[in-house]
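Report on the structure
Now for the letters of each chain:
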Amino acid sequence: MVTSSLLPTYARADLAFERGDGAWLTATTGERFLDFGGGIAVASLGYSHPHLVAALIEQGGRLWHTSNLFEIPQAERLARRLVEASFADYVFFTNSGAEAVEGAIKTARKYQSVSGHPEKFHAITFEGAFHGRTLATIAAGGNPKYIDGFGPKVEGFDPVPFGDVEAVKASIGPQTGAILVEPIQGEGGIRVPAPDFLRALRDLCDRHGLLLIFDEVQTGVGRTGKLFAYELFGVAPDIMAIAKGIGGGFPLGAFLTTREAGKGMTVGTHGTTFGGNPLATRIGDAVLDIVLAPGFIEHVALMGLKLKQSLAELKDRHPRVIAEIRGEGLMQGIATRVPVNEFAVAARAEKILVIPAAENVARLLPPLIIGEEEIAEAIKRLDSTCLRIERERDRRMGTDASVSGATA
Ligand SMILES: *Cc1c(COP(=O)(O)O)cnc(C)c1O
């Protein structure tokens, strides 16, 4: 590419795709890639799923947008299904994950305010978190790389180490109104907390009158082998943000709340022009047709186990490249002993896509529809990826050895 008119905020690979089918992407060069990144956990049903394509075409030919000044039957239906399948009583639709988290934060602040505690606008957050790129969500995520240079940081977020219950306790003060946490940190490197961590947070919230907010933008909608990751831990939040997987590739997010936690969100307190429009919610509804079908989530859990087992064997074969395998369901991380970008580039050379995360973790977030054949193929390609890295390292060391040998 000579020059681009796109604002250069991304380090893009020199690769573009022109079509997708199941877990496979075809590049403009004609090369086929096995996509174990799923567009960052978004392509929950893979590419060109016939049921989603049919929903898009059917709704697309009738009505895309009407605004929230009118009733939207598609949004009503999707909200009802999300409520029936979760802890929540209400749903607010957004266009992205960051907006969903932002709405969740606003809901918690408003709850405390209408409960007579406007001073309790702070939320305890966690190091390594990622909640999006709006001004409030970068403050909540706490990563200086995303905060620096963008003016005064939005107030009210108090980070503590992920998994550290004592630090949470110590940080609860007169201004604390909520705890905001990803049940499993995604961008932070597929960090799975100890089984009792979220339960401890729930207890602290109940004891101190705080709201528990789960950011399930990445973990939600079947990804972890449960419809929502909170089910893995047996702990329900008061408010939850979802996005990525719910649209199957169409931009759609939502925050869900209990009646009590949402009591401050009355007419006029919050809104969006696009959020929850007929086209987006019709597609979200079609995603749920598949995800909520009998046996689907069980299939994800089973494939997650198979993937994890195969990855553990891969680690045993390549201890120089792989340090650890961690994750739940089809949200698995390969902690690498080499820089994760080197791993991702080598994987791409073997025609498999993975997503780099913090702590040198390569994320595997394949479409939830994959079967054993795709898993076997992925392992084959990841095996070649490790061999490629080992060969390259040997070659470099060999060269270094001969160089130092020559100078000795
Ligand atoms: C991706 C992500 C977000 C932000 O979603 P956007 O759609 O990029 O705004 C927020 N929270 C988590 C946990 C995410 O993984």
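Each chain has its residues counted from 1, running along the sequence as written. Under the rules for a predicted model, residues below a pLDDT of 70 receive no local features and side-chain atom pairs below 80 are neither given nor counted, while totals for whole chains, interfaces and linings still include all residues. Heavy atoms from the whole structure form the basis of all side-chain values; hydrogens and water molecules are not counted.

**Some remarks on the overall build of the chain**
Numbering of helices and strands starts at the N terminus; helices are DSSP runs of H or I of at least 4 residues and strands are runs of E of at least 2. When you go through the chain residue by residue, the secondary structure sums to 13 helices and 15 strands. A compact globule built from 408 residues should have a C-alpha radius of gyration of about 22 Å, and the chain, at 22 Å, falls within 12% of that. Projected onto its principal axes, the C-alpha coordinates of the chain cover approximately 75 × 55 × 45 Å. Relative accessibility decides the category of a residue: with a 1.4 Å probe and only protein chains considered, values under 20% of the type maximum give buried, values over 50% give exposed, and everything between is partly exposed. Each of the 408 residues in the chain was classed as buried or not, and the buried ones make up 51%. Each radius of gyration reported is based on C-alpha atoms, and the globular scaling rule is 2.2 Å times the count of residues to the power 0.38.

**Overview of the pattern of salt bridges**
Salt bridges, as used here, are contacts in which a Lys or Arg side-chain nitrogen is within 4 Å of a carboxyl oxygen on Asp or Glu. Scanning all chains against the criterion turns up 24 salt bridges. The salt bridge partner of R199 is D203, with a shortest N-O separation of 3.9 Å. Pair noted here: R199 and D203 are both in helix α8 (residues 197-208), with a separation of four residues, about one helical turn. Among the residues examined, R199 registers a relative accessible area of 36% and is labelled partly exposed. You can call D203 partly exposed: its relative accessible area is 33%.

**Observations regarding the domain arrangement of the chain**
When the parts of a complex come together, some accessible area is lost, and that lost area is often used as the size of the interface. One can read the domain layout of the chain as domain 1 (17-41 + 295-403) and domain 2 (50-291). The split into domains, and so the bounds of each, comes from an automatic or database assignment of domains. Relative placement of domain 1 and domain 2: their C-alpha centres are 28 Å apart. Here, two residues are considered to be in contact whenever any of their heavy atoms come within 4.5 Å of each other. Listed per partner, the contact involves 22 residues of domain 1 and 23 residues of domain 2. Once two parts are joined, some of their accessible surface, as seen by a 1.4 Å probe, is lost; buried area is that loss totalled over both. Summed over both partners, the interface of domain 1 with domain 2 comes to about 1,800 Å²; 63% of that surface belongs to carbon and sulfur atoms. The largest per-residue losses of area from domain 1 upon contact with domain 2 belong to I297, E328 and M331, which jointly make up 34% of the total buried on that side. Counting across the domain 1 and domain 2 interface gives two salt bridges. With a closest N to O distance of 3.6 Å, E187 and R363 form a salt bridge. For the side of domain 1 that touches domain 2, the secondary structure elements donating two or more residues are α1 (38-41), α11 (296-317), β11 (322-328), β12 (331-336) and β15 (361-364). Element by element, the count of residues in the side of domain 1 that touches domain 2 is highest for α11, at four residues. Each residue receives one of three labels: charged for Asp, Glu, Lys and Arg, nonpolar for Ala, Val, Leu, Ile, Met, Phe, Trp, Tyr, Cys and Pro, and polar for the others, Gly being one of them. Classifying every residue of the side of domain 1 that touches domain 2 gives 14 nonpolar, four polar and four charged.

**Remarks on the environment of T336**
The residue T336 is located in strand β12 in this model. On the basis of relative accessible area, T336 is assigned to the buried category, the value being 7%. With 21 residues separating them along the chain, T336 and K315 place their C-alpha atoms 9.5 Å apart. If near-sequence neighbours (up to four positions away) are discounted, T336 is found in contact with V321, A323, F343 and N360. Engagement of the side chain of T336 in a polar contact is seen with the backbone oxygen of V338, the distance being 2.7 Å. Two N or O atoms form a polar contact when they lie within 3.5 Å of each other; inside protein one atom must be a possible hydrogen donor and the other a possible acceptor, and for residues adjacent in sequence the pair counts only when both atoms belong to side chains.

**Quick look at helix α12 (residues 340-349)**
Residues V340, F343, A344, A346 and A347 constitute the buried set of α12. Each buried residue of α12 lies within a common arc of 165° when the element is viewed along its axis, so the set occupies one face. Two residues or fewer after α12 comes K351, characterised by a positive phi angle close to 65°. What the arc describes is the spread of directions from the helix axis to the C-beta atoms.

**Thoughts on the sheet that holds strand β6 (residues 157-160)**
One bridge is not enough; two strands pair if DSSP finds at least two bridges between them. Across the sheet, seven strands lie side by side as β4-β10-β9-β8-β7-β5-β6; this open sheet has mixed pairing. Two strands bound the open sheet, and with one partner strand each, they are β4 (90-94) and β6. Neighbour to neighbour, the strand axes of the sheet diverge by 20° on average, direction disregarded. Pairing analysis gives four bridges linking strand β5 (residues 122-126) to β6, with the strands arranged parallel. The residue bridging T125 from the neighbouring strand is P159, located in β6. Axis angles are defined between N-to-C directions and span 0 to 180 degrees, where every axis is a line fitted to C-alpha atoms and, for a helix, only to the segment in contact. Running at roughly 125° to β4, helix α3 (residues 73-84) makes contact with β4, β9 (239-242) and β10 (253-257) of the sheet.

**Comments concerning a nonpolar patch on the surface**
Residues V53, L56 and I57 make up a contiguous nonpolar surface patch of roughly 250 Å² in combined accessible area. Within the fold, I57 resides in helix α2 (residues 50-60). A relative accessible area of 59% places I57 in the exposed class. Each patch is assembled from residues with relative accessible area greater than 30% and no salt bridge, linking like charges that lie within 9 Å and nonpolar side chains (Val, Leu, Ile, Met, Phe, Trp, Tyr) that lie within 5 Å. All accessibility values rest on the Shrake-Rupley procedure with a 1.4 Å probe; residue burial counts only the protein chains present in the view.

**Remarks on unusual backbone geometry**
Here the phi dihedral of A41 falls at roughly 65°; this positive angle occurs in a residue that is not glycine. Positionally, A41 belongs in helix α1. Classification of A41 by relative accessible area gives buried; the value is 3%. The phi dihedral of S48 is positive, around 55°, even though this residue is not glycine. By the secondary structure assignment, S48 is in the loop between α1 and α2.

**Side note on the site of the ligand**
By convention in these notes, a residue is near a molecule or strand provided one of its non-hydrogen atoms lies within 4 Å of it. Around the ligand lies a shell formed by S96, G97, A98, F130, H131, G132, E182, D215, V217, Q218 and K244. In the environment of the ligand, an oxygen atom lies 2.8 Å from a nitrogen or oxygen atom belonging to the backbone of G97. With respect to the ligand, the side chain of K244 contributes an N or O atom lying 2.6 Å from an oxygen atom. When the ligand sits alone it has 390 Å² of accessible area, and the protein chains cover 82% of it. Residue composition of the shell around the ligand, by class: three nonpolar, five polar and three charged.

**So, the confidence of the model for the chain**
Across the chain, the average pLDDT comes to 96, with 97% of residues at 70 or higher. The predictor attaches a confidence to each residue, and that confidence, scored 0 to 100, is pLDDT. In this model residues 403-408 is a low-confidence stretch, pLDDT under 50, and it forms zero contacts with partners more than four residues away in sequence or in other chains.

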